[in-house]
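What follows is each chain in one-letter form.
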Amino acid sequence: MKLTVVLALCAGVSACGPRGKGATASNFDPIANNPENAGRTDKSSIWDVFGPNKTEQTVKVNKYLWAASLDVLNFLPVQSVDPFTGVIITGYGTPPGGGRAYRAVVHISDPALDARSLNVSLQSQGGHAVAPATARAIEDAILTRARQLRVRDKKL
């Protein structure tokens, strides 16, 4: 009876190993032998847990657009900034000489000093949308200030 149990355990363990002619435990790599992974060379280990996450996406942000956004919208209280993704979120504030309170979300999506890199969303207090011309005017002010900062640094 003991011999039968031992043989059954050995057969079960050997069924978990590599199969095929010439396959040994030392040269069998299921990830490398998978045709879907052809050409991939990334290996993983326990130490990969402590390194940076490869799925995280970081965007390089144009420093002039970033500084100009904070400068132009300085009347709004900053709630959250994330320089790695290029997002600035402000609270409600009233512009100088204005009577309406606004909040803004600025997204800088590219390292280029370009209008396509900048997206400004405005919202008035109460959740009402702001006219597209107003948001465009804020974007133009930010782009103008960013160009001024770049000229001041003499990096044309």
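Scroll up to find the structure.
(A) Summary view of the overall build of the protein. Along its length, the protein carries 3 helices and 4 strands. Each of the 156 residues in the protein was classed as buried or not, and the buried ones make up 22%. The contacts of the protein with a sequence gap of at least 6 include a subset with a gap of at least 24, amounting to 41%. Looking at the protein as shown, the accessible area adds up to about 11,400 Å², and 58% of this sits on carbon and sulfur atoms.

(B) Molecular detail of the nonpolar core. Counting residues in hydrophobic clusters, the biggest one holds 22 residues, and the most contacted among them are Leu-65, Leu-73, Val-106, Leu-118, Val-120, Leu-122 and Ile-142. Among the elements of the structure, helix 2 (63-72), strand 3 (102-108), strand 4 (118-124) and helix 3 (132-152) are those that each provide at least two residues to this core. With residues near it in sequence (within four places) discarded, Ile-142 still touches Leu-65, Ala-68, Ser-69, Val-72, Leu-73, Leu-118 and Val-120.

(C) Local environment of the environment of Pro-96. Inspection of the secondary structure puts Pro-96 in the loop between strand 2 (87-90) and strand 3. Exposure remark for Pro-96: the relative accessible area of 72% places this residue in the exposed category. Put simply, Pro-96 and Phe-75 are 21 residues apart on the chain and 7.5 Å apart in space, counted from C-alpha to C-alpha.

(D) Representation of the sheet that holds strand 3. Taken in spatial order, the 4 strands of this open sheet run 1-2-3-4, and their pairing is antiparallel. Either end of the sheet is taken by a strand with one partner, and the two such strands are strand 1 (78-82) and strand 4. Neighbouring strand axes in the sheet, compared pairwise and without regard to direction, differ in orientation by 10° on average. Summarising the sheet, strand 2 and strand 3 pair through 3 bridges and their orientation is antiparallel.

(E) Highlighting the pairing of strand 3. Of the two faces of strand 3, the one holding Tyr-102, Ala-104, Val-106 and Ile-108 is buried and the one holding Arg-103, Val-105 and His-107 is not buried anywhere. Sheet topology places strand 3 next to strand 4; 7 bridges connect them, and they run antiparallel. Its bridge partner lying in strand 4, Tyr-102 is registered against Ser-124.

(F) Expanded view of the pattern of salt bridges. Scanning all chains against the criterion turns up 2 salt bridges. In this structure, the salt-bridge partner of Asp-71 is Arg-145, at a minimum N-O distance of 2.6 Å. Taken together, the residues Asp-71 in helix 2 and Arg-145 in helix 3 connect sequence positions 74 residues apart. Measuring nitrogen to oxygen at the nearest pair gives 2.7 Å for the salt bridge that ties Asp-114 to Arg-116. Under the relative-accessibility criterion, Arg-116 is labelled exposed at 72%.

Reading the values: rules and limits
Residues numbered from 1 in each chain as written. Predicted model: local features only at pLDDT ≥ 70, side-chain atom pairs only at ≥ 80, totals over all residues. Heavy atoms only, no water. Helix = DSSP H or I, 4+ residues; strand = E, 2+ residues; numbered from the N terminus. Buried < 20%, exposed > 50% of the residue type's maximum accessible area, 1.4 Å probe, protein only. Contact = heavy atoms within 4.5 Å. Areas by Shrake-Rupley, 256 points an atom, 1.4 Å probe, with all protein chains shown as cover. Core = buried A, V, L, I, M, F, W, Y, C linked by side-chain atoms within 4.5 Å. Pairing = 2+ DSSP bridges. Axes fitted to C-alpha atoms, helices over the stretch in contact; angles between N-to-C directions. Salt bridge = Lys/Arg side-chain N within 4 Å of Asp/Glu carboxyl O.

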